[in-house]
Amino acid sequence: MVFRKPPDGGWGWVIVVVSFFTQFLCYGSPLAVGVLYLEWLDVFGEGKGKTAWVGSLANGIGLLASPVCSICVSSFGARPVAIFSGFMVAGGLMMSSFAPNIYFLYISYGIVVGLGCGLLYTATVTITCHYFDKRRGLALGLISTGSSVGLFIYAALQRELIDLYGLDGCLLIVGALSLNILACGSLMRPLESSDSLPPEKTGVDKVPDQYFVYHEKEKTVEENISILEKGYVDEKCVNSMPDNKQDSILNKNVLNSINVNEKDTYKKKVVEQTNFCKQLAKRKWQLYLNYWEETMVLFKNKVFSALFVAILLFDIGGFPPSLLMEDVARSADINEDDYHMPLISIIGIMTAVGKLTLGILADFKWVNTLYLYVTTLLMTGVALFAIPFAKSYLTLAMLSGILGFLTGNWSIFPYVTTKTVGIEKLTHAYGILMFFAGLGNSLGPPIVGWFYDWTQEYDTAFYFSGFCVLLGGFLLLLAALPCWNACTNQSSKLPPNTYSYKVASSA
């Protein structure tokens, strides 16, 4: 199918609504996993570091597997992937209610739910980009707030469900709610033209055209047939040995019964398919070489190298509060009567505000998005250093709001990447950076939990987190100050050799 021009409206607004609810339903529980984290600590009695792996895997595995998610969406389309991923998220949550130990949760909640969320994120972003061009930034900003609103609502919802039905009942109900993703996914109609193209050739008919595309010198079909015929003669000679007389007679009768033209056609197809597979392997190998060469070119950019270190350190230090803040409050012996709203809910709603506010600021021409991003990193580091001094619900709530707002810098991260490497390298560079972001998400909470297990207090853990974020911010600032313009100019002159996936046209 041939894609139509993005309508920037029409059914696209339906896509925005269902994508918003898809991210709301799939990311609500994983982002608000801090409420479940407290219950898992009490039920399984494991250390904080080991228990924190559940939530960190659920939030990091989707980013780590982002290349696989992109391939799935490009191969099958957004709608089938969204429906299938809805089953994954709902099934993983329901299976988690029957978890006999923490290791079972690593698979059911961490990997199954996390991978399903990664697939759904890729599907929603891809289908939205197909329907919007001029209003793409607005559309992506609206759907990205779905996860933040989900965090805000699910934090309170899961706590209420645990009080009413226990941990197992909560996971079952949340899993049942996630089945609504199937309805949302069914509305993700692919954008395609009404004019149908002629049917494609079959795989065998396309072999000659694909085989000769490289114009490499290979043996002709006639030469290969002569080799095959020689093999048949050798086989007949072997079969004519005295010990196999009966088999030789049978083989001769079978060979004589085959039409000569059919044999030649079969031989040609075998040779053509063999040579096609050989050429396909060479082509794939060349693509891999080009990919790694392009990667090395990206890392020659000082700002990009500092950016991947910054995003890794930011997620190691900045993600744990969203998972562990409830346990921080419990460890500080804060009276539950003082709780007016879950701290994770405050983080969620302020993250949505931060995404919208920072996204609007990034659109102003006088705002340098790289310096804006560095500012959010440095302020996040300072806020993390302040957590050990917060001994009341009010101060923890204020710090949660500040951290949530600053975490909204995810909305400007694509802008920063574009400024750093150029629009033609955005797909390749963003995939690499998201991998390191997922690695940071996966490692951050367990590291903070291990610090608590060793010291029996969170102070050292958050000093370490703040140091990581500040280090990443200062490294990015040092790399950007002397050569910001030089790096962007250099990246804009690179050959436009992008790596992107073409989304399947039908679903």
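Model, not experiment: these values are computed from the prediction.

The rules behind each value
Residues numbered from 1 in each chain as written. Predicted model: local features only at pLDDT ≥ 70, side-chain atom pairs only at ≥ 80, totals over all residues. Heavy atoms only, no water. Helix = DSSP H or I, 4+ residues; strand = E, 2+ residues; numbered from the N terminus. Buried < 20%, exposed > 50% of the residue type's maximum accessible area, 1.4 Å probe, protein only. Contact = heavy atoms within 4.5 Å. Areas by Shrake-Rupley, 256 points an atom, 1.4 Å probe, with all protein chains shown as cover. Patch = residues over 30% accessible without salt bridge, like charges linked within 9 Å, V, L, I, M, F, W, Y side chains within 5 Å. Salt bridge = Lys/Arg side-chain N within 4 Å of Asp/Glu carboxyl O. Phe/Tyr/Trp six-rings, centres within 6.5 Å; stacked < 30°, edge-to-face > 60°. Lys NZ or Arg CZ within 6 Å of the ring centre and 35° of its normal. Axes fitted to C-alpha atoms, helices over the stretch in contact; angles between N-to-C directions. Parallel < 35°, antiparallel > 145°, perpendicular 65-115°, else oblique. Left-handed = near helix turned anticlockwise from the far one by under 90°. Nonpolar A, V, L, I, M, F, W, Y, C, P; charged D, E, K, R; others polar. Core = buried A, V, L, I, M, F, W, Y, C linked by side-chain atoms within 4.5 Å.

Visitor: A description of the overall build of the protein should follow, citing residues and the corresponding values.
Guide: Per the secondary structure count, the protein includes 20 helices and 0 strands. The burial tally for the protein puts 48% of its 507 residues in the buried class. A separation threshold of at least 6 residues defines the contact pool for the protein, and within that pool the share at least 24 residues apart is 85%. When the accessible surface of the protein is split by element, carbon and sulfur atoms take 65% of a total near 24800 Å².

Visitor: Tell me about a nonpolar patch on the surface, and please be specific about residues and values.
Guide: On the surface, Trp-13, Leu-138 and Leu-142 cluster together to form a nonpolar patch covering roughly 250 Å² of accessible area. As for its placement among the helices and strands, Trp-13 is situated in helix α1 (residues 11-31). Relative accessible area serves as the criterion here: at 30%, Trp-13 is assigned to the partly exposed category.

Visitor: Which residues make up the packing of aromatic side chains, and what values do they have?
Guide: Going through the model one piece at a time under the given rule, you end up with 13 aromatic pairs. Here Tyr-103 and Tyr-106 contribute two aromatic rings whose centre-to-centre distance is 5.8 Å and whose plane-to-plane angle is 90°, an arrangement assigned as edge-to-face. With Tyr-103 and Tyr-106 both in helix α6 (residues 102-131) and 3 residues apart, this pair spans about one turn of that helix. Taking the centre distance of 5.7 Å and the plane angle of 85° together, the rings of Phe-435 and Phe-436 count as edge-to-face. Among the residues examined, Phe-435 registers a relative accessible area of 38% and is labelled partly exposed. Arg-189 extends its terminal NZ or CZ atom over the ring of Trp-11, reaching a point 4.2 Å from the ring centre.

Visitor: Account for the packing of helix α2 (residues 33-44) against helix α3 (residues 48-64), naming residues and giving values.
Guide: Contact pair α2 / α3: the axes reach a minimum separation of 10 Å and the direction vectors enclose 150°. As judged from the angle between their axes, α2 and α3 are roughly antiparallel. When the axes of α2 and α3 are compared, the crossing they make is right-handed. Between α2 and α3, the contacting residues are Val-33, Tyr-37, Trp-40 and Leu-41 on the first element and Lys-48, Thr-51, Ala-52, Val-54, Gly-55 and Asn-59 on the second. Residue composition of the contact of α2 with α3, by class: 6 nonpolar, 3 polar and 1 charged.

Visitor: Can you tell me about unusual backbone geometry, naming the residues and giving the values?
Guide: Non-glycine residue Gln-456 carries a positive phi angle of around 60°. Note on placement: Gln-456 falls in the loop between α19 (426-455) and α20 (459-492). Residue Gln-456 is classed as exposed on the basis of its relative accessible area, which comes to 54%.

Visitor: Explain the nonpolar core to me, and be specific about the residues and the numbers.
Guide: Grouped together as the largest cluster of nonpolar side chains are 121 residues, with contacts concentrated most on Leu-36, Trp-40, Tyr-109, Tyr-373, Tyr-458 and Leu-476. For this core, the leading source of residues is α6, giving 12 residues. Excluding its chain neighbours within four sequence positions, the residues that come into contact with Tyr-109 are Ser-29, Pro-30, Val-33, Leu-36, Trp-40, Val-54, Ala-58, Gly-92, Leu-93, Ser-96, Gly-114 and Leu-171.

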